[in-house]
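Fold and contact review
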Amino acid sequence: MSDNILKNLRNYEVDDLVMVGFEKDQDVKLPLVNESLDMDRQFRQIMFFYESGIRQLTAKLEILNKEFQFCNDRNPIENVKSRLKSQESIVRKMEKQGLPLTFSHMMANIRDIAGVRIICPFITDVYQVARLLISQPDVELEDIKDYIRNPKKNGYRSLHMIVSVEVRFSDMMRKVLVEIQLRTIAMNFWASTEHQLRYKKERIFTEEMHRQLKECADIMAEADEKMQKLAENLNVSDAENLYW
């Protein structure tokens, strides 16, 4: 753990952590953390809370994956990846939003600490998998942003969902927030390679470079649409599942 990062995330009162942003009679999504723990252990305990949400979701996806393999002609899930946001990324995001650097504000306001990315072959698969996930009784949709129908200005496309997933701990059931990103293979190719190009902050991006990246995004979008139409013509994909 990085001391210079952790010292910025100040300690808290347990009551403040539990109740921040919630009424007393609401179903609180925040874990009770022992205030006697040192900050490093507190942070690791909170990360375990979010990691448990990831494990719960990835277990559901693995079951769906196996079901599709055995019961269908093809699988709409190509790949699944997960990650916990790093301490550095959390602090940067909180500073950018002007939030006090406390654990309570981190848990109440940073909704993408736990993340799962699902890669699908076709656009219809993205929406089909999303529907299958949020139709489960212990997964609740909190927020959704459809960057497939409404791409970002730079050409980025993906379906983003924030869900709360129920996790049974030793003392009680808790709800854990997890961000889910669903993309096609083409969308993921563009997003991954664009990230590699921008990885070094000292690199200067010109307007021409931005234009070329957007042009590549448009090419990927066109390829997705053509592959989608081919899949529908071959009865590989159902157009009824297209879009939300």
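Residues numbered from 1 in each chain as written. Predicted model: local features only at pLDDT ≥ 70, side-chain atom pairs only at ≥ 80, totals over all residues. Heavy atoms only, no water.

1. Overview of the sheet that holds strand β1 (residues 79–84)
Note the following rule: We treat two strands as partners when DSSP finds at least two bridges between them. Helix numbering and strand numbering both begin at the N terminus, where a helix is a DSSP run of H or I of at least 4 residues and a strand a DSSP run of E of at least 2. The axes are straight lines fitted to the C-alpha atoms, using for helices just the contacting stretch, and the angles between their N-to-C directions are given from 0 to 180°.
Read across the open sheet, the 5 strands follow the order β1-β2-β5-β4-β3; overall the sheet is mixed. At either margin of the open sheet sits one strand with a lone partner, and together these are β1 and β3 (139–146). If you compare each strand with its neighbour and ignore which way they point, the axes differ by 25 degrees on average. Pairing geometry for strand β4 (residues 159–168) and strand β5 (residues 173–184), over 10 bridges, is antiparallel. What sits directly across from Met161, in β5, is Ile180.

2. Comments concerning the side chain of Thr102
Cut-off, in case you're wondering: Polar contact is defined as a pair of N or O atoms within 3.5 Å, subject to the rule that within protein one atom must be able to donate a hydrogen and the other to accept it, and that residues adjacent in sequence are counted only when both atoms are side-chain atoms.
Here Thr102 shows up in the loop between α4 (87–96) and α5 (103–109). A distance of 2.8 Å separates polar atoms of two side chains, one belonging to Thr102 and the other to His105.

3. Let's talk about helix α8 (residues 207–233)
Operational definition: A helix's residues, less one, multiplied by 1.5 Å, set its expected span. The buried label applies to any residue whose accessible area, calculated with a 1.4 Å probe on protein chains only, is under 20% of its type's maximum; exposed applies above 50%, and partly exposed to all values in between.
With 27 residues, α8 extends 39 Å between its outermost C-alpha atoms, agreeing within 8% with the 39 Å of an ideal straight helix rising 1.5 Å per residue. Along α8, the positions that sit buried rather than exposed are Leu213, Ala217, Met220, Asp224, Gln228 and Ala231. Directly after α8, the chain includes Asn235, whose backbone phi takes a positive value near 60 degrees.

4. Considerations on the packing of helix α3 (residues 39–71) against helix α6 (residues 123–134)
Note the following rule: Oblique is the label for any angle not covered by the other classes, which are roughly parallel (under 35 degrees), roughly antiparallel (over 145) and roughly perpendicular (65 to 115). Left-handed describes a crossing in which the near helix is turned anticlockwise from the far one by less than a right angle; the clockwise case is right-handed. Throughout, a residue-residue contact means that at least one pair of heavy atoms, one from each residue, lies within 4.5 Å. Residue polarity is assigned by list, with Asp, Glu, Lys and Arg as charged and Ala, Val, Leu, Ile, Met, Phe, Trp, Tyr, Cys and Pro as nonpolar; anything else, Gly included, falls into the polar class.
Packing of α3 against α6 brings their axes to within 11 Å, and their N-to-C directions diverge by 120 degrees. In terms of their interaxial angle, α3 and α6 are classed as oblique. Where α3 crosses over α6, the handedness of that crossing is right-handed. Residue-level inspection shows Leu57, Leu61, Leu64 and Phe68 of α3 in contact with α6, the latter providing Gln128, Val129, Leu132 and Leu133. Counted by class, the contact of α3 with α6 contains 7 nonpolar, 1 polar and no charged residues.

5. Points about the packing of aromatic side chains
Think of a pair of aromatic rings as described by two things: how far the centres are apart, and how the planes are tilted against each other in angle. Under the convention used in this document: Aromatic rings from Phe, Tyr and Trp, with only the six-membered ring used for Trp, were paired whenever their centres fell within 6.5 Å, and each pair was classed as stacked if the ring planes differed by under 30 degrees, edge-to-face if by over 60, and tilted otherwise. Two conditions define a charge sitting above a ring: the NZ of Lys or the CZ of Arg must be within 6 Å of the ring centre, and it must be within 35 degrees of the ring normal.
According to the stated counting rule, one finds 5 aromatic pairs in the structure shown. Summarising the aromatic geometry, the rings of Phe48 and Phe169 are spaced 6.1 Å apart at their centres and angled 65 degrees between planes, so their arrangement reads as edge-to-face. Residue Phe48 is found in helix α3, and its partner Phe169 is found in the loop between β4 and β5; the two are separated by 121 residues along the sequence. According to the relative accessible area criterion, Phe48 is partly exposed, its value standing at 47%. For the pair Phe49 and Tyr50, a centre-to-centre distance of 5.3 Å together with 80 degrees between the ring planes defines the contact as edge-to-face. Here Phe49 matches Tyr50 in class, with each residue buried. Across from the ring centre of Tyr147, 4.9 Å away, lies the NZ or CZ of Lys152, which sits over that ring.

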